[in-house]
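One-letter residues, chain by chain:
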Amino acid sequence: AGADDFVIKRADYLDRLSSILGDALIRNQLMRAQRPERVRALALGLSPDEGRQIGRHLDRYAPHIALDAEPLLEGRLAALAAQGRPYDVIIAGDYGSPLGGLEALKLAQHHLGLSTPVVILAEPGMADVALQAIRLGAADYLVRHPGYLARLPAILEKCYAETRRERLVLDLRTANASLELAYDSTLDGWARALELRDHETEGHSRRVTDLTLRLTAAAQLGDAAMPHVRRGALLHDIGKMGVPDSILRKPGPLTDEEWVIMRKHPTFAYELLSPIAFLEPALAIPWCHHERWDGTGYPRGLAGEAIPLEARLFAVVDVWDAVTSPRPYRPALSRDAALAIIARGAGSQFDPYAVELFMRLRLWESQEP
């Protein structure tokens, strides 16, 4: 009935009483520190007597479970749909109909779309109804064998805890998705900030990002890689934030000394992005998009398949967009001239597979002329 312990009045019971009281006090303190969560249960389809019996049992042995009972069939819809009265678990009985529990289950989950777990109470010999309830989505069932009330609190707590874990996981996934959207909005802002600084390349990051994603999808890198490819392509020139304006915005060709500084922008990108764990999987393009297939690129002189595939794919798209866009020191090249540059670079500047894939997909045909 809730006692912490008991003592039998044997001859030495007074000698043991002190330690028993001390143990009971410690257990009581631990239980208070780990007080169970409040659980709101709704009983549907129980007889008035059974509803009162379950209520008394919960009050005595599981006072953290509060029970509301609605025995009448016509009251079920109103009880389930009541605003501001969320229930953590539903107990569905068969009062008035052997299928009453199934009716409550269908009402709760299939008509009202509630995610509240439903525990079915079934009479002995009605195991087929209980199993049918499980197939329909019941969280658990309990046969009214003698002593079934003793098992009821544990079943209610289990169903509540499982549903709560599922909700927490869903909430966490939703929060992570919202956080990713916020991060990606920030990255879009970074890319726009760079374009504001370098007017000649306005729109370049968005164009190459779109083409790179389509090329990556065709290369079958997998859905999981796509967000990282997008972020890497969008931020491929973020390292230019570390290049002085006198070089970045120079209207004519750069000197050898200026090129030394300009070629540091992939390293600047790595130094800027690598401390951000969220962006670590996106580093391949900002860091490696100026590496060449023959090993003569920068900043590390990587060659062949040592260059990440997404960076090899991006390199083709990057050069395509650069030569087909006007610059202050030269006009935009025609598509035929740009395609000739890409084709000549296969095996030296570009991965031959990346060039072949780009040519086969003819991505330029979907761009504005």
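A brief look at the structure comes next. Computed from a prediction, not measured in an experiment: that's the story for all the values here.

**Quick look at helix 13 (residues 309–323)**
The first and last C-alpha atoms of helix 13 sit 22 Å apart over 15 residues, in line with the 21 Å expected at 1.5 Å per residue. Of all 15 residues in helix 13, 12 are buried, a share of seventy percent or more. Regarding helix 13, the residues found buried are Ala311, Arg312, Leu313, Phe314, Ala315, Val316, Val317, Asp318, Val319, Trp320, Asp321 and Val323. The inward-facing, buried residues of helix 13 abut helix 7 (204–218), helix 8 (226–234), helix 12 (284–288), helix 14 (335–345) and helix 15 (352–361).

**Description of the side chain of histidine 265**
Mapping histidine 265 onto the fold places it in helix 11 (residues 265–273). By relative accessible area, histidine 265 is classed as buried at 2%. A polar atom in the side chain of histidine 265 sits 2.7 Å from the backbone oxygen of methionine 262. When near neighbours in sequence (up to four residues on either side) are disregarded, histidine 265 contacts Asp237, Gly239, Lys240, Val243, His289, His290 and Tyr298.

**Comments concerning the packing of helix 14 against helix 15**
Direction vectors running N to C along helix 14 and helix 15 enclose 150 degrees, while the axes themselves pass 9 Å from each other. Relative to helix 15, the element helix 14 is oriented roughly antiparallel. Note on packing geometry: the crossing formed by helix 14 with helix 15 is left-handed. Mapping the contact onto sequence places Leu339, Ile342 and Ala343 in helix 14 and Val355, Phe358 and Met359 in helix 15. Split into classes, the residues belonging to the contact of helix 14 with helix 15 amount to 6 nonpolar, no polar and no charged.

**Focus on the packing of helix 7 against helix 15**
Following both chains from N to C, one finds helix 7 and helix 15 inclined at 105 degrees, their axes separated by 10 Å at the closest point. By the angle between their axes, helix 7 is roughly perpendicular relative to helix 15. Here helix 7 contributes Arg214, Leu215 and Ala218 to the contact with helix 15, which in turn contributes Leu357, Phe358 and Leu361. Considered class by class, the residues forming the contact of helix 7 with helix 15 number 5 nonpolar, no polar and 1 charged.

Parameters and conventions
- Residues numbered from 1 in each chain as written.
- Predicted model: local features only at pLDDT ≥ 70, side-chain atom pairs only at ≥ 80, totals over all residues.
- Heavy atoms only, no water.
- Helix = DSSP H or I, 4+ residues; strand = E, 2+ residues; numbered from the N terminus.
- Expected span 1.5 Å × (residues − 1).
- Buried < 20%, exposed > 50% of the residue type's maximum accessible area, 1.4 Å probe, protein only.
- Contact = heavy atoms within 4.5 Å.
- Polar contact = N/O pair within 3.5 Å; in protein donor to acceptor, adjacent residues only side chain to side chain.
- Axes fitted to C-alpha atoms, helices over the stretch in contact; angles between N-to-C directions.
- Parallel < 35°, antiparallel > 145°, perpendicular 65-115°, else oblique.
- Left-handed = near helix turned anticlockwise from the far one by under 90°.
- Nonpolar A, V, L, I, M, F, W, Y, C, P; charged D, E, K, R; others polar.

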